[in-house]
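Below, each chain spelled out in residue letters.
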Amino acid sequence: WRDLEGAPYSMLVPSDEVTINYRHGLPVITLTLPTRSERCRFTVKPVVTTVGTFLKDVQREDKGIERAEVFATDGSKISDATLMEVLLMNDFKLVINNTAYSVSPSVKDKLSSEHATEMEDIKSLVHRLFVALHLEDHQIRKERELLQKLDHLKEELLPLEQMKARIMDSADAKTSRLLWVGLALMSTQGGALAWLTWWVYSWDIMEPVTYFITYGSAMAFYAYFVLTKQDYIYPDAKDRQLLHYFYRKSKKQHFNVERYNKLKDDLAEAEESLRRLRQPLHLRLPIQEISDKD
């Protein structure tokens, strides 16, 4: 038998050197340690123990072991992440230093369907117990992480909030001035039309003028709709003009609006996660039930 590079091992030991027996439902692997020349038993938990963990236990028991690997019968190497439960399903080769041990696991009696179902129920129960015992510690640790994240986000947002407040005040003042200018122009227009109607010309002359002024205003409102795809409603027009002044002022003062919005979204998400996390801490309910109630 040869390794992956094709080099033969110095010795191929029969399968009786490494034996596998089952005690209390757990496999016990017995082998001879090369340096100490004594038999040693290793009890493994096949559901949680990996091949790498088993090999480390063997090397820890005998410091003279420089190489410990597991190969399939076809010569392919078994990954260290493979569970022992999978390894013990078939024959394999255990290589310690330059000695290859041929291992044939004893065939266990096949479990009945009822016993297999019972074992799955026990595994599920153990998993739920583990979650119940460690969930609160995990939630407290997660709460601490969220609080640290909130502090960091608020610290980054503080200078941006101050700059945004200054820009918003400036944009709001400009928008208010524009509204007052519009009111003054409309008042001037109304006064001029009244003066021309009663003191300079007659209504017969001014009626066509007022008609075209009204028609021109309708055209202006329609042009606003064509350009913005919105009706000319005074609150919406005011908000639109406010945003125009805000973004223009932000560009001049190098205020990063996208970064500010991203930080605000992250802050809102962290606060929502903290709210959901704290509620089951107080009520002793899992996160899924909180989501269902929302």
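Residues numbered from 1 in each chain as written. Predicted model: local features only at pLDDT ≥ 70, side-chain atom pairs only at ≥ 80, totals over all residues. Heavy atoms only, no water.

Draft legend 1. Structural context of the overall build of the protein chain. Within the protein chain, the regular secondary structure consists of seven helices and seven strands. What you see in the protein chain, going N to C, is helices and strands ordered as β-β-β-β-α-β-α-β-β-α-α-α-α-α. Burial analysis of the protein chain (294 residues in total) assigns 27% to the buried set. At a minimum sequence separation of 6, the contacts of the protein chain that also span at least 24 residues come to 57%. (Helix = DSSP H or I, 4+ residues; strand = E, 2+ residues; numbered from the N terminus. Buried < 20%, exposed > 50% of the residue type's maximum accessible area, 1.4 Å probe, protein only. Contact = heavy atoms within 4.5 Å.)

Draft legend 2. Layout of unusual backbone geometry. For lysine 229, which is not glycine, the phi dihedral falls at a positive 60°. At histidine 254, a residue that is not glycine, the phi angle is positive and equals roughly 60°. Look at histidine 254 and you get exposed, because its relative accessible area is 73%.

Draft legend 3. How the structure looks around the sheet that holds strand β4 (residues 38-43). The strand order across the open sheet built from three strands is β2-β3-β4, with neighbouring strands paired in antiparallel fashion. Looking at which strands have only one partner, the edges of the open sheet turn out to be β2 (19-23) and β4. Across this sheet, the average inter-strand angle for adjacent strands is 30°, counted without regard to direction. The pairing of strand β3 (residues 26-33) with β4 spans six bridges and is classified as antiparallel. The residue of β4 that forms the bridge with isoleucine 29 is phenylalanine 42. (Pairing = 2+ DSSP bridges. Axes fitted to C-alpha atoms, helices over the stretch in contact; angles between N-to-C directions.)

Draft legend 4. Broad picture of the layout of surface pockets. Put simply, the second largest pocket is a space of about 700 Å³. Taken together, 19 residues line the second largest pocket, and the ones lying closest to its centre are Gly182, Met186, Phe221, Tyr232 and Tyr234. Among the secondary structure elements, those contributing two or more residues to the lining of the second largest pocket are α3 (113-200), α4 (203-228) and α5 (234-252). Of all the elements, α3 adds the most residues to the lining of the second largest pocket, at eight residues. Of the residues belonging to the lining of the second largest pocket, the class tally is twelve nonpolar, five polar and two charged. (1 Å grid on protein atoms, 1.4 Å probe; cavity = no way out; pocket = protein on both sides within 12 Å on 5 of 7 lines; lining within 4 Å. Points joined across faces, edges and corners; volume = space filled by probe spheres on them. Nonpolar A, V, L, I, M, F, W, Y, C, P; charged D, E, K, R; others polar.)

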